[in-house]
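Coordinate inspection notes
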Amino acid sequence: MAVLVEREPIGIFGRMNSGKSSVMNLLTQQETSIVDATPGTTADTKTALLELHGLGPVKLFDTAGLDENSALGAKKRRKTFNDLKECALALLLIDPAAEEFAVEAEIIAKARSWDKQLLAIYNIFQDADENKITGVEKKLDLLRFYPKITLRANAPACRAALLDFILKNYIPQNAKIELLPFVQKDEYYALIIPMDEETPPGRYLRPQAMVEEYITRQWAYPVSFRLDLKQARSPCAAEAAAEKKRFDAFLNNFQKKPQAIITDSQAMDIMHKWCPANIELTTFSIAMINYFSRGRLQKFADGVRTLRTLQAGDKALIVEACNHSRVGEDIGSVQIPNYFAQKYPGVILEHNFGREFQDNKNLAHYKLIIHCGGCMISAQKLQARLRDLETAGVPITNYGVLLAYWQGEAALRRVLKPWGI
Ligand SMILES: Nc1nc2c(ncn2[C@@H]2O[C@H](COP(=O)(O)OP(=O)(O)O)[C@@H](O)[C@H]2O)c(=O)[nH]1
Ligand code: SF4
Ligand SMILES: [Mg+2]
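Everything numeric in this text was worked out from a predicted model, so none of it was measured.

Here we come to the domain arrangement of the chain. What the domain assignment reports for the chain is domain 1 (8-169), domain 2 (188-286) and domain 3 (294-405). Taking only C-alpha atoms, the centre of domain 2 and the centre of domain 3 are 25 Å apart. On the side of domain 3, 16 residues touch domain 2, which itself brings twelve residues to the contact. A buried area of about 1,000 Å², summed over both sides, lies between domain 2 and domain 3, and 61% of it is on carbon and sulfur atoms. Of all residues in domain 2, the largest losses of buried area upon contact with domain 3 belong to Gln266, Ser285 and Ile286, amounting jointly to 43% of the total for that side. In this assembly, domain 2 and domain 3 are joined by three residue pairs in polar contact (both at pLDDT 80 or more). Of all the secondary-structure elements, those providing two or more residues to the side of domain 2 that touches domain 3 are α6 (206-217) and α10 (284-292).

Here you go:
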């Protein structure tokens, strides 16, 4: 069956006469758009379908300038912003010789609020313009979040450098990533799902549903085990032993042992001890963050090391991507804060739920970000978060990585191993 690959939608934005149509033609290697010194030459968005080496099928949008002050200009603006919404990547053309950068600031602000990737292109009309770039960056503060290139849009020789720049910095929408790359056909996988009295009936949480569906789709067999966490952690040895016995019986019933156990991160304290050494172990939260960050689990594994350097007075931020109702022994609002109170007294914990993170202007104040699995936000949004944190120089880790780390180095190594880390 043929798989339909979506074209990568890439738009070219900027003020009139900044060289947008020239960039369009540079990329298509033909006169797709009219290039002319008359302001407002590109009246309507021009699109081109092409294959870009290394990126595959692309749909390019050459848009009208956003700074035309007329009734027609207002219509062009609406059209252009609709195009921006449709694009995954915005190429922002900047003429460093411009006097002010209101249009550019507006494009960046819109691209940010829509979680678009953006790459800035300084188009040099005269050699002297290159010296003006530092001035542009002082006036356009938000530019610091984005990669930049300097070129001459009307010089065919600049095409290779521009393509290279796009390839290096753009994370394609079509980059497919496996949810559980270690899953093999005809093998069993045990899912550890501790429900408590408050867990809403009727459905699995999204991470559980995604993992179960993925394993089934790979012609493998997901098998769920409801772990009674309270009993497993009971101070009464007999009670804890009874739960352990139930779990052992579950595993012993398999003629062929499960290849891996995927557990709720909350149960890492138990599973690290109970999961036999010959069965791999990882968590739902780790699977989610790796998937939605498009394979950047290593970054979250590196981030957890920051814990060693935390001191009283430092701030850490707990981020939950959705506003789901928080019940019982919730990881973000109960487990992690309790643990911090014991292990890192004096470290200040703050929370962002749902959309709060986007509006948080103080990211640079945190020593560490602790992010949930992120299953309710788009990969695009998570990429935007990672980009901002990288610019601010703030490390990030994840619930699953953190809860494994707290069980010791061996537990951390174990949950990362299935991912080749
Ligand atoms: N010298 C020079 N002229 C350029 C460059 N890029 C574009 N132009 C000229 O600037 C004018 C506007 O270019 P165009 O691509 O139509 O800009 P748009 O309005 O942003 O689409 C045209 O006369 C181009 O030939 C460049 O890098 N150097
Ligand atoms: S977005 Fe985060 S908090 Fe919400 S269900 Fe997914 S992993 Fe849990
Ligand atoms: Mg044009």
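Outside of glycine, negative phi angles account for most residues, and trans bonds account for most peptide bonds. Residue Asn17 is not a glycine yet carries a positive backbone phi of 65°. Unlike most non-glycine residues, Arg294 shows phi in positive territory, near 60°. On the secondary structure map, Arg294 appears in the loop between α10 and α11 (297-303).

Before going further, it helps to spend a moment on the coordination of the magnesium ion (ligand 3). The coordination sphere of the magnesium ion (ligand 3) contains the protein donors Ser21 (OG) and Thr42 (OG1), at a distance range of 2.1 to 2.2 Å. Residue Ser21 is located in helix α1 (residues 20-28), and its partner Thr42 is located in the loop between α1 and β2 (46-52); the two are separated by 21 residues in the primary sequence. Overall, the relative accessible area of 9% leaves Ser21 in the buried class.

The local shell around ligand 1 holds 17 residues, among which Asn17, Lys20, Ser21, Ser22 and Asn123 are the closest. In the model, an oxygen atom of ligand 1 is placed 3.2 Å from a nitrogen or oxygen of the Ser18 main chain. The separation between an oxygen atom of ligand 1 and a polar side-chain atom of Lys20 is 2.8 Å. Isolated, ligand 1 exposes 570 Å² of accessible area, and the fraction of that covered by the protein chains is 82%. At three residues, the largest contribution of residues to the shell around ligand 1 is made by α1. When its residues are assigned to classes, the shell around ligand 1 shows six nonpolar, seven polar and four charged.

Okay, the sheet that holds strand β3 (residues 56-62) next. Strands sit in the order β2-β3-β1-β4-β5-β6 across an open sheet of six strands; the sheet is mixed. Both outer strands of the open sheet, β2 and β6 (148-151), are each paired with one neighbouring strand and no more. Taking the axes of each pair of neighbouring strands and ignoring which way they run, one obtains an average angle of 25° across the sheet. Its contacts with the sheet place helix α5 (residues 159-169) against β2, β4 (89-94), β5 (117-123) and β6, and it is angled at close to 155° to β5.

Taken together, Glu197, Glu198, Asp228 and Glu239 make up a surface patch of like negative charges. Within the secondary structure, Glu197 is located in the loop between β7 (188-192) and α6. Of the residues examined, Glu197 reaches a relative accessible area of 66% and is grouped as exposed.

What follows covers the packing of aromatic side chains. Within the structure shown, the criterion is met by 14 aromatic pairs. Aromatic side chains Phe145 and Tyr146 sit 6.4 Å apart centroid to centroid with 75° between the ring planes, which places their arrangement in the edge-to-face category. With a centroid separation of 4.9 Å and an interplanar angle of 45°, the aromatic rings of Tyr188 and Tyr221 are classed as tilted. Taken together, the residues Tyr188 in strand β7 and Tyr221 in strand β8 (residues 221-225) connect sequence positions 33 residues apart. By relative accessible area, which is 34% here, Tyr221 ends up partly exposed. Members of the aromatic cluster, connected to one another through ring pairs, are Tyr188, Tyr221, Phe225, Phe247, Phe250, Phe254 and Trp274. Its guanidinium or amino end placed over the ring of Phe81, Lys110 lies 4.2 Å from that ring's centre, counting from NZ or CZ.

Parameters and conventions
- Residues numbered from 1 in each chain as written.
- Chains lettered and ligands numbered in written order.
- Predicted model: local features only at pLDDT ≥ 70, side-chain atom pairs only at ≥ 80, totals over all residues.
- Heavy atoms only, no water.
- Domains from an automatic or database assignment.
- Contact = heavy atoms within 4.5 Å.
- Buried area = accessible area lost by both parts, 1.4 Å probe.
- Polar contact = N/O pair within 3.5 Å; in protein donor to acceptor, adjacent residues only side chain to side chain.
- Helix = DSSP H or I, 4+ residues; strand = E, 2+ residues; numbered from the N terminus.
- Donors = N, O, S within 2.8 Å, 3.2 Å for Na, K, Ca; no water.
- Buried < 20%, exposed > 50% of the residue type's maximum accessible area, 1.4 Å probe, protein only.
- Near = heavy atom within 4 Å.
- Areas by Shrake-Rupley, 256 points an atom, 1.4 Å probe, with all protein chains shown as cover.
- Nonpolar A, V, L, I, M, F, W, Y, C, P; charged D, E, K, R; others polar.
- Pairing = 2+ DSSP bridges.
- Axes fitted to C-alpha atoms, helices over the stretch in contact; angles between N-to-C directions.
- Patch = residues over 30% accessible without salt bridge, like charges linked within 9 Å, V, L, I, M, F, W, Y side chains within 5 Å.
- Salt bridge = Lys/Arg side-chain N within 4 Å of Asp/Glu carboxyl O.
- Lys, Arg positive; Asp, Glu negative; His and termini not counted.
- Charge placed at Lys NZ, Arg CZ, Asp CG, Glu CD.
- Phe/Tyr/Trp six-rings, centres within 6.5 Å; stacked < 30°, edge-to-face > 60°.
- Lys NZ or Arg CZ within 6 Å of the ring centre and 35° of its normal.

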